[in-house]
Amino acid sequence: MNIQACLRHRLFWPCATLLLLCLINFAFNPNFFDIEIKNGALYGSVIDILNRAAPVMLVALGMTLVIATRGIDVSVGATVAISGAVVAVMIGGTLAIQDGVQTYVANYPMPLAMLVAVLVALLCGLWNGALVSGVGMQPIIATLILMVAGRGVAQLITEGQIVTIYYEPFFFIGNGFLFGIPFSLYIVAAVLGLLLVLTQKTALGLFIQAVGLNPTSARFSGISARALVLWVYGFCGVTAGIAGLIVTSNVKSADGNNAGLGMELDAILAVALGGTSLDGGRFSLMGTVIGALIIQTLTYAIYSLGVPPEVNLVVKAVVVFTVCLIQSEKFRSMMFTSKQRVEDKS
Amino acid sequence: MKAMRYINPRTLPLVVTTALFILLFGFGAVSYDAFLSPQVFVNLIIDNGFLLVVAVGMTFVILAGGIDLSVGSVVALSTMVTAALVQHHHWSIWAITPLVLIIGCAFGLLHGVLIQVFRMQPFIVTLGGMFLARGLCYLISIDSISITDPTYTALSEYRLPLGAETAISLSGVIAIVTLLVGVYIAHYTRFGRTVYAIGGNERSALLMGLPVARTKILVYVLSGFCSALGGILVTLYMLSGYGLHAIGFEMDAIAAAVIGGTLLTGGVGFVAGTLVGVMILGVIQSLIAFDGSLSSWWTRIAIGFLLFLFCLLQRLLERSKLGKK
């Protein structure tokens, strides 16, 4: 019975998939699980996957809440680019030599630049939220507007150039280690922890589910669905903005055209893989984190198998179709009835 | 209030779009000497012919209440298949074109079946198709393949003269023919009326005994066909196949349909409106090109802004309609 309960747990399939992918990696690369300590920091394939998955994990966490309210946000990639552009232009940085010592000078103080970037991202999110909950547009179209215009705005900020950052302290966010663990993971853990507390210890999680399951009845039962949806989109913008900081810090430059390209799709895929229904309602934050890790482990496996990385897209397509088929009730009932028939015969 | 009676909410977006197009074109004509020539106008069709073809397919999908995000990738796949077969295997154009069109239809069929039979969301299904088609491009080749085949270069350079000093390319002609066929299908066939009925209210369409399942699948097949045809036109225009062709094209197609007055909730719109939508996108690009001092990213911001305005207009119309009831 215990095994059955385990099988039925909603995180079972995401976890099983992740484990399977890790084992495939291990089979082709016996050093996969090895972790070394170099210069007081942990190095290894697993750490690498965790570190690289950080931006998608962040974006996908915000996306989970949006999808739970029956929405979708296709503009997160553009928001990543905008936030990256803002922080890159504000920090910029030059290498100056003062009294024979090399020092890095930022245009604006780094905390201010980061704060402004995240605030701009929040504005992007609230804009989406206002269009969805205030004007009443379909979420995909409302966010499509920012997706189209956002990259233009990002290029407007960087004046069409790729802005390189010359300010060492900023690189810590995407490349630094704190107590041996990549710093970006602390950011993910903080956001995840905050969300888990907010959704499980307060009624917020229940409200979000209620709005996703039935907006009308949620409103009748006294939930201010409009404000909730507005801020859920705002929050999604913030997570995309923070992801933008990490991405920009990682590559030490901001590219309005390519930063966060296709990230909205990865984030939606991560949410779907984690077992959150794309029809809204029940959601799983841990599932989303695992979903993002599945995507990154899959990418890693494809690289280490020596398959051209471009095939990644085909594999992702197969994953999308499979996950959707499994989530489709019609498909499940077809599978279920055919299984029953076999059992009846025997 | 009396004037309100003469405004039909179904045609208002189209009227606004057409007025805007004339305004933009007129602005160009006043500002730049060479703008007001027939060739500039015809160039709008030549340079955006493939977008028009893809957007016509997209209009049908949106009219039926769905969405197709895979069109850009299917366009890229078509250019890739064409370029690889003609350059590396020296197939004839008469063999390649049907094959490419069949591939496009097969993609549409896959989407349609998954959406209709398994009740999946069109958004996520066509997203998967988008990944698949792009991935297949890279499986053929990671690099761009240039086409040097004489048949293709001849077709690409062919110009049909339209009076003095004006000429239209073959892809322009194909685009206009596609548009006319699209208008015919939408407004004068049983299939077209069923599409409108499904977009208006799927359940009542079903209760009326209309072939809902078949029509919904066929709509995606039609969009796949249009994407593949658009891909052939892109191949002729660029004379190359590349996996990075037509990135973000699906958004342009959706924008053209919406600006052309098609309601995103389905059931309301005109295929001819999509032509005006495409022309507006084209005229914005021409204006920015003629100006010279504005950078290319202003195009994207302008398109985003227009999309916003028209979505807002649509919502206002819906609300006023609800208010009357």
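The paragraphs below set out a description of the structure included in this document.

Rules used throughout
- Residues numbered from 1 in each chain as written.
- Chains lettered and ligands numbered in written order.
- Predicted model: local features only at pLDDT ≥ 70, side-chain atom pairs only at ≥ 80, totals over all residues.
- Heavy atoms only, no water.
- Helix = DSSP H or I, 4+ residues; strand = E, 2+ residues; numbered from the N terminus.
- Rg over C-alpha atoms; globule rule 2.2 N^0.38 Å.
- Buried < 20%, exposed > 50% of the residue type's maximum accessible area, 1.4 Å probe, protein only.
- Contact = heavy atoms within 4.5 Å.
- Areas by Shrake-Rupley, 256 points an atom, 1.4 Å probe, with all protein chains shown as cover.
- Buried area = accessible area lost by both parts, 1.4 Å probe.
- Salt bridge = Lys/Arg side-chain N within 4 Å of Asp/Glu carboxyl O.
- Polar contact = N/O pair within 3.5 Å; in protein donor to acceptor, adjacent residues only side chain to side chain.
- Nonpolar A, V, L, I, M, F, W, Y, C, P; charged D, E, K, R; others polar.
- Patch = residues over 30% accessible without salt bridge, like charges linked within 9 Å, V, L, I, M, F, W, Y side chains within 5 Å.
- Core = buried A, V, L, I, M, F, W, Y, C linked by side-chain atoms within 4.5 Å.
- Phe/Tyr/Trp six-rings, centres within 6.5 Å; stacked < 30°, edge-to-face > 60°.
- Expected span 1.5 Å × (residues − 1).
- Arc of directions from axis to C-beta.
- Axes fitted to C-alpha atoms, helices over the stretch in contact; angles between N-to-C directions.
- Parallel < 35°, antiparallel > 145°, perpendicular 65-115°, else oblique.
- Left-handed = near helix turned anticlockwise from the far one by under 90°.

1. Let's talk about the overall build of chain B
- When helices and strands are counted, chain B shows 13 helices and 4 strands.
- Relative to a compact globule of 325 residues, whose C-alpha radius of gyration would be 20 Å, chain B shows 20 Å and is just as compact.
- Taken along its principal axes, the extent of the C-alpha atoms in chain B is 60 × 55 × 35 Å.
- Within the span of chain B, comprising 325 residues, buried residues form 56% of the whole.

2. A closer look at the overall build of chain A
- Counting its regular elements, chain A contains 15 helices and 8 strands.
- By the burial criterion, 51% of the 346 residues in chain A qualify as buried.
- Counting only contacts in chain A whose residues sit at least 6 apart along the sequence, the fraction spanning at least 24 positions is 75%.
- As displayed, chain A offers around 16,200 Å² of accessible surface, 65% of which is attributable to carbon and sulfur atoms.

3. Some points on the interface of chain B and chain A
- Counting residues at the interface gives 38 residues for chain B and 41 residues for chain A.
- When chain B packs against chain A, close to 3,600 Å² is buried across both sides, 84% of that on carbon and sulfur atoms.
- On the chain B side of the interface with chain A, the three residues burying the most area are F118, F131 and W297 of chain B, jointly 19% of the side's total.
- For the interface between chain B and chain A, the tally reads 0 salt bridges.
- Taken together, chain B and chain A are joined by 0 residue pairs in polar contact (both at pLDDT 80 or more).
- For the side of chain B that touches chain A, the elements supplying multiple residues, two or more each, are α4 (93-117), α5 (122-140), α11 (249-259) and α13 (297-324) of chain B.
- Top contributing element to the side of chain B that touches chain A by residue count: α5 of chain B, with 14 residues.
- Grouping the amino acids of the side of chain B that touches chain A by side-chain chemistry returns 28 nonpolar, 6 polar and 4 charged.

4. Describing unusual backbone geometry
- Of note in the backbone geometry, R70 of chain A takes a positive phi value of approximately 75° without being a glycine.
- Locating R70 of chain A in the fold gives a position in the loop between α3 (45-68) and α4 (76-91).
- Even without being a glycine, H90 of chain B presents a positive backbone phi close to 55°.
- Along the chain, H90 of chain B falls in the loop between α3 (71-88) and α4.
- H90 of chain B gets classed as exposed once you look at its relative accessible area, which sits at 63%.

5. Details of a nonpolar patch on the surface
- Among the surface-exposed residues, L20, I24, F28, L305 and V307 of chain A lie close enough to one another that they form a single nonpolar patch of about 440 Å² accessible area.
- If you trace the backbone, I24 of chain A turns up in helix α2 (residues 12-28).

6. Regarding the nonpolar core
- Formed by 207 residues in total, the largest nonpolar core has its most connected members in F170 and I268 of chain A together with F123, I124 and I254 of chain B.
- With 15 residues, helix α2 (residues 38-63) of chain B is the single largest residue contributor to this core.
- Those residues in contact with F123 of chain B that sit more than four places away from it in its chain are I72, V74, I140 and I268 of chain A together with I67 and L69 of chain B.

7. Observations regarding the pattern of salt bridges
All names here are of chain A.
- Enumeration according to the criterion identifies 2 salt bridges over all chains in this entry.
- The shortest N-O distance in the salt bridge between R52 and D48 comes to 3.5 Å. You can see R52 and its partner D48 sitting in helix α3, 4 residues apart, about one turn around the helix.
- The exposure class of R52 is exposed, given its relative accessible area of 55%.

8. With respect to the packing of aromatic side chains
- By the definition in use, this model includes 10 aromatic pairs over all chains.
- Each member of the aromatic cluster is reached from another via a ring pair, and the members are W127 of chain A together with F305 and F308 of chain B.

9. Regarding α4 of chain B
All names here are of chain B.
- In a regular helix each residue adds 1.5 Å, so 25 residues correspond to 36 Å; α4 covers 35 Å between its end C-alpha atoms and thus fits that length.
- For α4, the full list of buried residues reads I93, I96, V100, L101, G104, F107, G108, H111, G112, L114, I115 and Q116.
- Between the side-chain oxygen at the start of α4 and the backbone nitrogen of W94 there is a gap of 2.9 Å, and the oxygen is on S92.
- Positioned one or two residues after α4, R119 has a phi angle of 55°, which is positive.

10. Notes on the side chain of T143 of chain A
Residue and element names in this part refer to chain A.
- Secondary-structure assignment places T143 in helix α6 (residues 139-158).
- A polar atom in the side chain of T143 sits 3.2 Å from the backbone nitrogen of V74.
- What T143 contacts, discounting residues up to four positions off in sequence, is I72, D73, V74, S75, N128 and Y233.

11. Thoughts on the side chain of T288 of chain A
All names here are of chain A.
- Relative to the helices and strands, T288 resides in helix α13 (residues 285-304).
- The buried category is assigned to T288, whose relative accessible area is 0%.
- At 2.8 Å, the side chain of T288 forms a polar contact with the side chain of T64.
- With residues up to four places along the chain from it excluded, the contact list for T288 reads A60, L61, T64, A270, V271, G274 and T276.

12. Notes on the environment of L114 of chain B
- Within the element layout of this structure, L114 of chain B appears in helix α4.
- For L114 of chain B and V100 of chain B, which are 14 residues apart along the polypeptide, the C-alpha to C-alpha distance reads 22 Å.
- In this view, L114 of chain B contacts F321 and L325 of chain A together with R119, M120 and V125 of chain B; residues no more than four positions away in its chain are not counted.

13. Some details on the environment of I247 of chain B
Residue and element names in this part refer to chain B.
- Here I247 is to be found in the loop between β4 (240-241) and α11.
- Given the relative accessible area of 48%, I247 is considered partly exposed.
- Along the sequence, I247 and A76 sit 171 residues apart, while their C-alpha atoms lie 8.2 Å from each other.

14. Re helix α6 (residues 150-157) of chain B
- Taken residue by residue, α6 of chain B has Y152, T153 and S156 of chain B as its buried positions. In an axial view of α6 of chain B, the angular spread of the buried residues amounts to 95°, which keeps them on one side of the axis.

15. Description of the packing of α2 of chain A against α13 of chain A
Residues and elements named next belong to chain A.
- Contact pair α2 / α13: the axes reach a minimum separation of 9 Å and the direction vectors enclose 20°. Relative to α13, α2 is oriented roughly parallel. For the crossing formed where α2 meets α13, the hand is left-handed. Between α2, through P14, C15, T17, L18, L21, C22 and N25, and α13, the contact on the second element is made entirely by I290, L293, I294, T297, L298, Y300, A301 and S304.
- Of the residues assigned to the contact of α2 with α13, the class counts are 11 nonpolar, 4 polar and no charged.

16. What to know about the environment of I93 of chain B
All names here are of chain B.
- Note that I93 resides in helix α4.
- Assessed through its relative accessible area of 15%, I93 is described here as buried.
- Taking C-alpha positions, I93 is 9.8 Å from D149, a pair spaced 56 residues apart along the chain.
- The contact partners of I93, leaving out residues within four places of it in the chain, are P98, T151, Y152 and L155.

Keep in mind these values describe shape, not function.
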